[in-house]
Amino acid sequence: MRVLFVEGKDLEALRALAQALPHPYWLLEGEGVFLLQVLGAGEEALAQARTLPGVKVWAFTLKEGVVYRGCGKRSGTSP
């Protein structure tokens, strides 16, 4: 699976891109910058991201990962 990362300062532009794509995403906020992570993104999503002004774009192929492993303790958010 391909994972797209788009870093920029324009929250609304990143949000609009994320909502226009048919893929799951996370929108993260840092200190004065936002990072959009899009799972399963193809070439079209990559091309759309590159049209946004002032962003940095990276695409990676997911090699392995864990959705939820837990910490061994029960909590209100444990499945």
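You'll find the structure just up there.
Residues numbered from 1 in each chain as written. Predicted model: local features only at pLDDT ≥ 70, side-chain atom pairs only at ≥ 80, totals over all residues. Heavy atoms only, no water.

Undergrad: I tried to follow the overall build of the protein chain on my own but got confused; where do I start?
TA: Along the backbone of the protein chain there are 2 helices and 4 strands. For the protein chain, the α and β elements follow one another from N to C terminus as β-α-β-β-α-β. Counting over 79 residues, the protein chain shows a buried share of 25%. (Helix = DSSP H or I, 4+ residues; strand = E, 2+ residues; numbered from the N terminus. Buried < 20%, exposed > 50% of the residue type's maximum accessible area, 1.4 Å probe, protein only.)

Undergrad: Would you mind showing me how to read the environment of Trp26 here?
TA: Looking at where Trp26 falls in the secondary structure, it is placed in strand 2 (residues 25-29). Judged by relative accessible area, which is 47%, Trp26 ranks as partly exposed.

Undergrad: Can you walk me through the pattern of salt bridges in this structure?
TA: Opposite charge on two side chains lets them pair, provided their charged atoms get close. Here the structure, examined in full by the defined rule, presents 2 salt bridges. With a closest N to O distance of 2.4 Å, Glu43 and Arg2 form a salt bridge. Placement of the pair is Glu43 in helix 2 (residues 43-50) and Arg2 in strand 1 (residues 2-8), with a sequence separation of 41 residues. Take Glu43: its relative accessible area is 54%, and that puts it in the exposed class. (Salt bridge = Lys/Arg side-chain N within 4 Å of Asp/Glu carboxyl O.)

Undergrad: Looking at this structure, how should I read helix 1 (residues 11-20)?
TA: In an α-helix, one full turn covers 3.6 residues, which means residues spaced three or four apart are oriented alike. Of the positions making up helix 1, those classed as buried are Leu14, Leu17 and Ala18. Seen from one end, helix 1 has its buried residues packed into an arc of 100°, which puts them on one side. The exposed residues of helix 1 that point more than 90 degrees off its buried face are Gln19 and Ala20. In this structure, the buried side of helix 1 is in contact with strand 1, strand 2, strand 3 (34-39) and helix 2. The N-capping residue of helix 1, defined by a side-chain oxygen 3.2 Å from the backbone nitrogen of Glu12, is Asp10. (Arc of directions from axis to C-beta. Contact = heavy atoms within 4.5 Å. Polar contact = N/O pair within 3.5 Å; in protein donor to acceptor, adjacent residues only side chain to side chain.)

Undergrad: Whenever I open this one, the pairing of strand 2 confuses me. Can you help?
TA: For a regular strand, the rule is simple: side chains alternate between the two faces of the sheet. Relative to strand 3, strand 2 runs antiparallel, the two sharing 5 bridges. Paired with Leu28 across the bridge in strand 3 is Leu35. A loop of 4 residues connects strand 2 with strand 3, the two strands running antiparallel in sequence, and Gly32 in this loop sits at a positive phi of about 75°. (Pairing = 2+ DSSP bridges.)

Undergrad: Sorry, what's going on with the packing of aromatic side chains here?
TA: Aromatic rings in a pair are described by how distant their centres are and how their planes are angled relative to each other. Taken as a whole and assessed by the stated rule, the structure comprises 1 aromatic pair. Ring centres of Phe5 and Phe60 lie 5.7 Å apart, and the angle between their planes is 80°; this geometry places the pair in the edge-to-face category. Taken together, the residues span a long stretch of sequence, with Phe5 in strand 1 and Phe60 in strand 4 (residues 56-61) at a distance of 55 residues. Judged by its relative accessible area of 47%, Phe60 is partly exposed. (Phe/Tyr/Trp six-rings, centres within 6.5 Å; stacked < 30°, edge-to-face > 60°.)

By themselves, these observations are geometric and do not establish any function.
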